[in-house]
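One letter stands for each residue in the lines below.
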Amino acid sequence: MIHNESGVYFQSSTPIPIRVLNDNGFQTLKTRMHNTLELTEDQYLDEIYYRQPFANASSQFGFQTMQLKNDDDVKTMLMCNDQYSCVGLIELLCTIGRTPNDILNLLYVTMTPTHDVLLYYNGR
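Residues numbered from 1 in each chain as written. Predicted model: local features only at pLDDT ≥ 70, side-chain atom pairs only at ≥ 80, totals over all residues. Heavy atoms only, no water.

A separate point is helix 1 (residues 26-36). Side chains of residues three or four places apart in an α-helix project in the same direction, reflecting 3.6 residues per turn. Three or more residues of helix 1 are buried, namely Phe-26, Leu-29 and Met-33. Along helix 1, the residues classed as buried sweep out an arc of 65° about the axis, all on the same side. Seen from the open side of helix 1, the exposed residues pointing more than 90 degrees away from its buried face are Gln-27 and Asn-35. Of the surrounding secondary structure, the elements contacted by the buried residues of helix 1 are strand 3 (43-55), strand 4 (61-68), helix 2 (71-83) and strand 5 (92-98). Directly beyond the C-terminal end of helix 1, a positive phi value near 55° is found at Glu-38. (Buried < 20%, exposed > 50% of the residue type's maximum accessible area, 1.4 Å probe, protein only. Helix = DSSP H or I, 4+ residues; strand = E, 2+ residues; numbered from the N terminus. Arc of directions from axis to C-beta. Contact = heavy atoms within 4.5 Å.)

Okay, structure coming up:
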């Protein structure tokens, strides 16, 4: 998440497109995002942020963040997109959390001793 003179924008190496239906609620959105990102059972969507457009006092567009936490937030997001359809696609940023098991597994993998080996062989 980066802040500049026009508000906030999201940055990622590769944004992933998904489709959100008008009647999607918060849980459906989370499930769709979880499946699209192919999260493991040890990962979960921690927070979801919407890049919400607004018009400032000079009638210029800016953007602020809105954390999505429930069905009402998703409805607000969809209404804003209808109201400010000229700004383009809905942009979401999510943070991914890890379960304690996953954290321990990561620690184990990084703490497992390794050895460098030169392998010689006789070819045919």
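Alright, that's what it looks like, and here's the rest.
Its identity as a non-glycine residue notwithstanding, Glu-38 has a phi of 55°, on the positive side. Residue position: Glu-38 is located in the loop between helix 1 and strand 3.

Following both chains from N to C, one finds helix 1 and helix 2 inclined at 80°, their axes separated by 8 Å at the closest point. Judged on the interaxial angle alone, helix 2 and helix 1 are roughly perpendicular. Contact residues: Phe-26, Gln-27 and Leu-29 in helix 1; Asp-71, Val-74 and Met-77 in helix 2. Residue classes in the contact of helix 1 with helix 2 are distributed as 4 nonpolar, 1 polar and 1 charged. (Axes fitted to C-alpha atoms, helices over the stretch in contact; angles between N-to-C directions. Parallel < 35°, antiparallel > 145°, perpendicular 65-115°, else oblique. Nonpolar A, V, L, I, M, F, W, Y, C, P; charged D, E, K, R; others polar.)

Judged by nonpolar contacts, the single largest core of 13 residues is most densely connected at Leu-29, Ile-48, Tyr-50, Leu-68, Val-74 and Met-77. When contributions to this core are tallied by element, the ones reaching two or more residues are helix 1, strand 3, strand 4 and helix 2. With 4 residues, helix 2 is the single largest residue contributor to this core. (Core = buried A, V, L, I, M, F, W, Y, C linked by side-chain atoms within 4.5 Å.)

To continue, consider the packing of aromatic side chains. Overall, the coordinates contain 1 aromatic pair when judged by the stated rule. Ring centres 5.6 Å apart and planes at 85° place the aromatic pair Phe-61 and Tyr-84 in the edge-to-face group. Here Phe-61, found in strand 4, pairs with Tyr-84, found in the loop between helix 2 and strand 5; they are 23 residues apart in sequence, far enough to count as distant. On the basis of relative accessibility, which here comes to 39%, the residue Phe-61 falls in the partly exposed class. For Tyr-84, a relative accessible area of 14% gives the class buried. Sitting over the face of the ring of Phe-63, Arg-51 holds its NZ or CZ atom 3.5 Å from the ring centroid. (Phe/Tyr/Trp six-rings, centres within 6.5 Å; stacked < 30°, edge-to-face > 60°. Lys NZ or Arg CZ within 6 Å of the ring centre and 35° of its normal.)

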